[in-house]
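Spelled out, the chains give:
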Amino acid sequence: MTTQATAPAAPARRSSRPSVPVWFQEYGVYAAVAALLLFNAVFTDHFLTTDNLRTQLIQVAPIVIVALGMALVIGTEGVDLSVGSAMALAAALLPLYLGYGLVPALLIALLAGAVVGAVNGALVSVVGLQPIVATLALFVGGRGIALVMADGQLKQIVNPDLLALGTGSVLGVPLVVVIAAALALAVAFLVHRTTFGRQIVAIGGNRSAAALAGLPVKRVLTGVYILCGVLAALAGILATARLTASDPSSLGNLMELSAITAVVVGGTPLSGGSVRVLGTVAGALLMQLLRATLVKHDLPDSTAQMAQAAIIIAAVYVARERRSR
């Protein structure tokens, strides 16, 4: 009787790349925001004044609103490149329907965002196109439609009720900031406390397994893109009210990149299966503070772009470390 020799197990190979501390993987974006605030408190004159902080929050509010919708889409392992066009469409429709009253104009503008999202969702969930391809069509065509509606012209907004959305305040807090904060809480509740939110995470984690488990994958995907489109349209409405003009040619330009950056920097993986709402808000704040800091210190815009690129690369690396734990 013979026995078969067994080779000794090879020692586990340690990764040669430097590891990221666990606490930084989870809380790095918040630490970065705090570090930037501390830096500006010490080295930037008048940065922590009420007026300046108010300005920073007003500027970041539309990005936060769009990024919340983008986080839901990325949570399903998708992406939406058409959010800037949805903003432009909403802006183009407002002057056309303000004559019927503020509420009808707002509803039509939001409906336009819902239609954009429904088309994207149908192309992804029913037709089976890759999200980047499906949303690229309206990224290009949506702004063209908006320009046709506006006759390619900037139109001034004089409706006082609409302008109040951009300039009003609640207990001294700008209304746009209040709306962005309320939406962040609503999206957080949606993700963590509802069946729909759990379905988003499950589909992003493994779409095939979710379908086999009986989840309504097509309906959930379509709903997510509709929510993203509506949030983008709302951001377009608020931006138009703040600027006191409808300018579809420039409103929302590169907003998709700002939103994706906020989501990724905030810790939501591009591979889906997770949605970090508070991290998304912190990611948007981080990029806004970074841009404002560099401007305050008279550094060129190119430096800000390179710094943002470095932060994106670092965020993707940290996300990979988190998945490999």
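Everything here concerns the structure above.
Residues numbered from 1 in each chain as written. Predicted model: local features only at pLDDT ≥ 70, side-chain atom pairs only at ≥ 80, totals over all residues. Heavy atoms only, no water.

Draft legend 1. Main features of the packing of aromatic side chains. All chains considered together, the criterion is met by 2 aromatic pairs. Ring centres 5.0 Å apart and planes at 40 degrees place the aromatic pair F39 and F43 in the tilted group. Placement of both F39 and F43 in helix α1 (residues 22-43) is noted, with a separation of 4 residues, approximately one turn of the helix. Taking 6.1 Å as the distance between ring centres and 35 degrees as the angle between the ring planes, the aromatic pair formed by Y97 and Y100 counts as tilted. The class for Y100 is exposed, based on a relative accessible area of 65%. (Phe/Tyr/Trp six-rings, centres within 6.5 Å; stacked < 30°, edge-to-face > 60°. Helix = DSSP H or I, 4+ residues; strand = E, 2+ residues; numbered from the N terminus. Buried < 20%, exposed > 50% of the residue type's maximum accessible area, 1.4 Å probe, protein only.)

Draft legend 2. Molecular detail of the nonpolar core. L68, M70, L72, M87, L162 and I237 are the most contacted members of the largest nonpolar core, which totals 90 residues. Setting aside residues no more than four positions away along its own chain, M87 makes contact with V66, A232, A235, G236, A239, L251, G252 and M255. (Core = buried A, V, L, I, M, F, W, Y, C linked by side-chain atoms within 4.5 Å. Contact = heavy atoms within 4.5 Å.)

Draft legend 3. Fine view of the environment of A122. Mapped onto the fold, A122 is located in helix α4 (residues 102-127). It is 8.0 Å that separates the C-alpha atoms of A122 and K218, two residues lying 96 residues apart in sequence. Excluding anything up to four places from it in sequence, A122 contacts V127 and T222.

Draft legend 4. Representation of the packing of helix α7 (residues 175-193) against helix α8 (residues 195-205) in the model. For the pair α7 and α8, the least separation of the axes is 5 Å and the interaxial angle reads 75 degrees. As the angle between them shows, α7 and α8 are arranged roughly perpendicular. Contact residues: L190, V191, H192 and R193 in α7; T195, F196, G197 and R198 in α8. A breakdown of the residues in the contact of α7 with α8 according to their chemical character gives 3 nonpolar, 3 polar and 2 charged. (Axes fitted to C-alpha atoms, helices over the stretch in contact; angles between N-to-C directions. Parallel < 35°, antiparallel > 145°, perpendicular 65-115°, else oblique. Nonpolar A, V, L, I, M, F, W, Y, C, P; charged D, E, K, R; others polar.)

Draft legend 5. Focus on the layout of surface pockets. By volume, the largest pocket amounts to about 770 Å³. Lining the largest pocket are 28 residues, with I63, N253, L254, S258 and R291 sitting closest to its centre. The set of elements that each furnish at least two residues to the lining of the largest pocket consists of α2 (50-75), α10 (217-243), α11 (255-265), α12 (277-296) and α13 (301-324). Examining the composition of the lining of the largest pocket, we find that 6 residues originate from one element, α13, more than from any other. Class assignment for the residues of the lining of the largest pocket results in 15 nonpolar, 10 polar and 3 charged. (1 Å grid on protein atoms, 1.4 Å probe; cavity = no way out; pocket = protein on both sides within 12 Å on 5 of 7 lines; lining within 4 Å. Points joined across faces, edges and corners; volume = space filled by probe spheres on them.)

Draft legend 6. Structural context of the environment of V277. Along the chain, the position of V277 falls in helix α12. With a relative accessible area of 7%, V277 lands in the buried category. With 213 residues separating them along the chain, V277 and V64 place their C-alpha atoms 9.9 Å apart.

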